[in-house]
Amino acid sequence: MSAATPVDLPAQGSEFRRARLIRFSDCDPAGIVFYPQYFVMLNGLVEDWVNEGLGLSYHGLVAVRRIGLPTVKLEADFRAVSRMGDQVALGLTVQRLGARSMTLLVRCFDPATGELRMQMQQVLVTTSLETHRAVAIPDDMRAAILRNAPELG
């Protein structure tokens, strides 16, 4: 697929989406997104998904309940540049839900054309921030994920 080829957009119901303006602070001297900034943007998307998509508190999960969501595997595919001033969409879909981990597909794309700018497959593990060992995905989090993606159950 060429970098300018539109991609089929998943149904809004299965993908959590956020509009995002590409800012000066996201870019390198060439005026395009400096690739690590995508990781920062998409980490913010995970926080928004927990807060708004799942209806949980990310702060409560991490700071109060002491449950971490570290990334243990990350594969990134960069397809086309995003430039300062571009309006993009960020999308998150849960691809797999395990006992202690989940696999997410997170992406940045042009909301008008569907042109894929970059996407990542990311594996998150739920951990105790006290022991730093994997723990079961909390029941309320699992239930919220399955409400939005019952095919994972």
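Residues numbered from 1 in each chain as written. Predicted model: local features only at pLDDT ≥ 70, side-chain atom pairs only at ≥ 80, totals over all residues. Heavy atoms only, no water.

An account of the pairing of strand E6 (residues 116-125) is requested, with residue identities and associated values reported.
Of all 10 residues in E6, eight are buried; the element is thus mostly enclosed. Pairing of strand E3 (residues 71-78) with E6 involves seven bridges; the strand directions are antiparallel. Bridge assignment links Asp 77 to a residue of E6, and that residue is Gln 119. Pairing between strand E5 (residues 101-109) and E6: nine bridges, direction antiparallel. (Buried < 20%, exposed > 50% of the residue type's maximum accessible area, 1.4 Å probe, protein only. Helix = DSSP H or I, 4+ residues; strand = E, 2+ residues; numbered from the N terminus. Pairing = 2+ DSSP bridges.)

I'd like a rundown of the pairing of strand E4 (residues 87-97), residues and numbers included.
In terms of burial, E4 is largely enclosed, as eight of its 11 residues are buried. Here strand E1 (residues 16-21) pairs with E4 via six bridges, running antiparallel. Bridging from a neighbouring strand, Ala 19 pairs with Ala 89 of E4. Here E4 pairs with E5 via eight bridges, running antiparallel. Opposite Leu 97, over in E5, you have Met 102 as the bridge partner. With antiparallel pairing between neighbouring strands as the criterion, E4 and E5 make up a hairpin whose turn holds three residues.

In short, geometric facts, not functional conclusions.
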